[in-house]
Amino acid sequence: MISGKARVAGVIGWPASHSASPFLHNYWLEQYGIDGAYVPLAVAPENLDAALRGLAGLGLAGVNVTVPHKESALAAMDQIDSAAQRIGAVNTIVISETGALTGSNTDGFGFVENLRAGVTGWNAGEGPAVVIGAGGAARAVCAALIDEGVPGIRIANRTRARADALADALGNPLNVVGWDERDSALDGAALVVNTTTLGMTGAPPLDLALDALPATAVVNDIVYAPLETPLLGAARARGNPAVDGLGMLLHQARPGFKAWFGHDPEVTGALRDHVLADLERRAGGRG
Ligand code: ATR
């Protein structure tokens, strides 16, 4: 039930139709009986500034920002949290009563919460991490791991210059390893994260030989379509704990929902099934 007093939030993207967020937030609104709505807002790149400036005037509680606006939205913020600053991209905007826009980035939070939920007692301090990929998602993952106290990150990317740029931006404890050295970089690692698009439906699998990886190391793929990527299948087959990418998508949505609608929502098995069914109807993606 949406009354005339409903709080309204949404997702700004171009297109907005690919986003799983309306499905997810409206599920929570219904679960908790909250008088609110979450709507897709299709905004073309040339209209982004006007759209962001209009949000406060319309009385919205806030919005998520998705492809291709995450970087360009930064400039229109009145305040930016430290995660968004380090990642150089905004995915959540909260609008204050006075109309000020605060931009944050919750991708790293979603990544860490997903690992915590997937592996009891997971702790970044346990050993070095290997991160495959150096795009925007890798940046969020590396920044979050550093905040969690990871002792070292070995980063491998097909285009080495992007990994070098990421290491320069985030500093210690990032070490760039060559793309052809990615297999041997797994030696002694406590965590491996695939942040590339490899393994996604329609893309080739990530070619990574796990032989050097300790049996206790956690393997995480931020791809969530399919849920069980070839990488996760190979990890499970040799007994490594494996965590899929769907939880990152679900957990990154929590801080926005809490700020807009006043309730920290729960990520449950029922929610996972519900979102999976929706993703299967449309072809999903990655965190
Ligand atoms: P996002 O910002 O969502 O992370 P992105 O910036 O497009 O997306 O990054 C995609 C990542 O997948 C990059 O690390 C990319 O490697 P390059 O920097 O070399 O492009 C990686 N990637 C995509 N296709 C790949 C492929 N066929 N082989 C290896 N890496 C690939």
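Refer to the preceding data block for the structure.
The text that follows walks through the structure, step by step, so that each part is easy to find.

Here we come to the overall build of the chain. Along the chain, the regular secondary structure elements total 10 helices and 12 strands. What you see for the chain is a C-alpha radius of gyration of 19 Å, in line with the 19 Å of a compact globule of 287 residues. If you line up the chain on its principal axes, its C-alpha atoms span 60 × 40 × 35 Å. Across the 287 residues in the chain, those meeting the buried criterion constitute 50%. Sequence separation of 24 or more characterises 68% of the internal contacts of the chain that already satisfy a separation of 6 or more. Carbon together with sulfur atoms contributes 51% to the accessible area of the chain, which is approximately 12600 Å² in total. Within the chain, the 29 negative side-chain charges are centred at a point lying 2 Å from the centre of the 20 positive side-chain charges.

Of the two faces of strand E10 (residues 191-194), the one carrying Leu-191 and Val-193 and the one carrying Val-192 and Asn-194 are both buried. Inspection of the sheet shows E10 paired to strand E11 (residues 218-221) by four bridges, in the parallel sense. Looking at the pairing, Val-192 lines up with Val-219 of E11.

Here helix H4 (residues 107-118) crosses helix H5 (residues 136-147) at 65°, and the two axes come no closer than 8 Å. Here H4 lies roughly perpendicular to H5, going by the angle between them. For the pair H4 and H5, the sense of crossing is right-handed. Between H4 and H5, the contacting residues are Asp-107, Gly-108, Phe-111 and Val-112 on the first element and Ala-140, Val-141, Ala-144 and Leu-145 on the second. Across the contact of H4 with H5, the residue classes tally to six nonpolar, one polar and one charged.

Here six strands make up an open sheet; going across it, the order is E9-E8-E7-E10-E11-E12 and the pairing parallel. Single-partner strands in this sheet number two, and they are strand E9 (174-177) and strand E12 (242-243). As defined by bridge partners, strand E8 (residues 153-156) adjoins E9 across four bridges and the pair is classed as parallel. Paired with Ala-156 across the two strands is Val-177, which belongs to E9. Each of E10, E11 and E12 is contacted by H4, which is oriented at about 135° to E11, the strand it contacts most. H5 contacts strand E7 (129-132), E8, E9 and E10 of the sheet and is inclined by roughly 165° relative to E7.

A few words now on H5. Between the first and last C-alpha of H5 there are 17 Å, a value that for 12 residues agrees with the 16 Å anticipated at 1.5 Å per step. The element H5 is extensively covered by neighbouring structure, given that nine of its 12 residues are classed as buried.

Around the ligand sit 14 residues, and of these Gly-136, Asn-157, Arg-158, Thr-159 and Arg-162 come closest. For the ligand, an oxygen atom lies 2.8 Å from a polar atom in the backbone of Gly-136. Here an oxygen atom of the ligand and a side-chain polar atom of Asn-157 are 2.6 Å apart. Calculation on the ligand without its partners gives an accessible area of 650 Å², and the protein chains cover 71% of this total. Classifying every residue of the shell around the ligand by side-chain character gives four nonpolar, seven polar and three charged.

Conventions used here
Residues numbered from 1 in each chain as written. Predicted model: local features only at pLDDT ≥ 70, side-chain atom pairs only at ≥ 80, totals over all residues. Heavy atoms only, no water. Helix = DSSP H or I, 4+ residues; strand = E, 2+ residues; numbered from the N terminus. Rg over C-alpha atoms; globule rule 2.2 N^0.38 Å. Buried < 20%, exposed > 50% of the residue type's maximum accessible area, 1.4 Å probe, protein only. Contact = heavy atoms within 4.5 Å. Areas by Shrake-Rupley, 256 points an atom, 1.4 Å probe, with all protein chains shown as cover. Lys, Arg positive; Asp, Glu negative; His and termini not counted. Charge placed at Lys NZ, Arg CZ, Asp CG, Glu CD. Pairing = 2+ DSSP bridges. Axes fitted to C-alpha atoms, helices over the stretch in contact; angles between N-to-C directions. Parallel < 35°, antiparallel > 145°, perpendicular 65-115°, else oblique. Left-handed = near helix turned anticlockwise from the far one by under 90°. Nonpolar A, V, L, I, M, F, W, Y, C, P; charged D, E, K, R; others polar. Expected span 1.5 Å × (residues − 1). Near = heavy atom within 4 Å. Polar contact = N/O pair within 3.5 Å; in protein donor to acceptor, adjacent residues only side chain to side chain.

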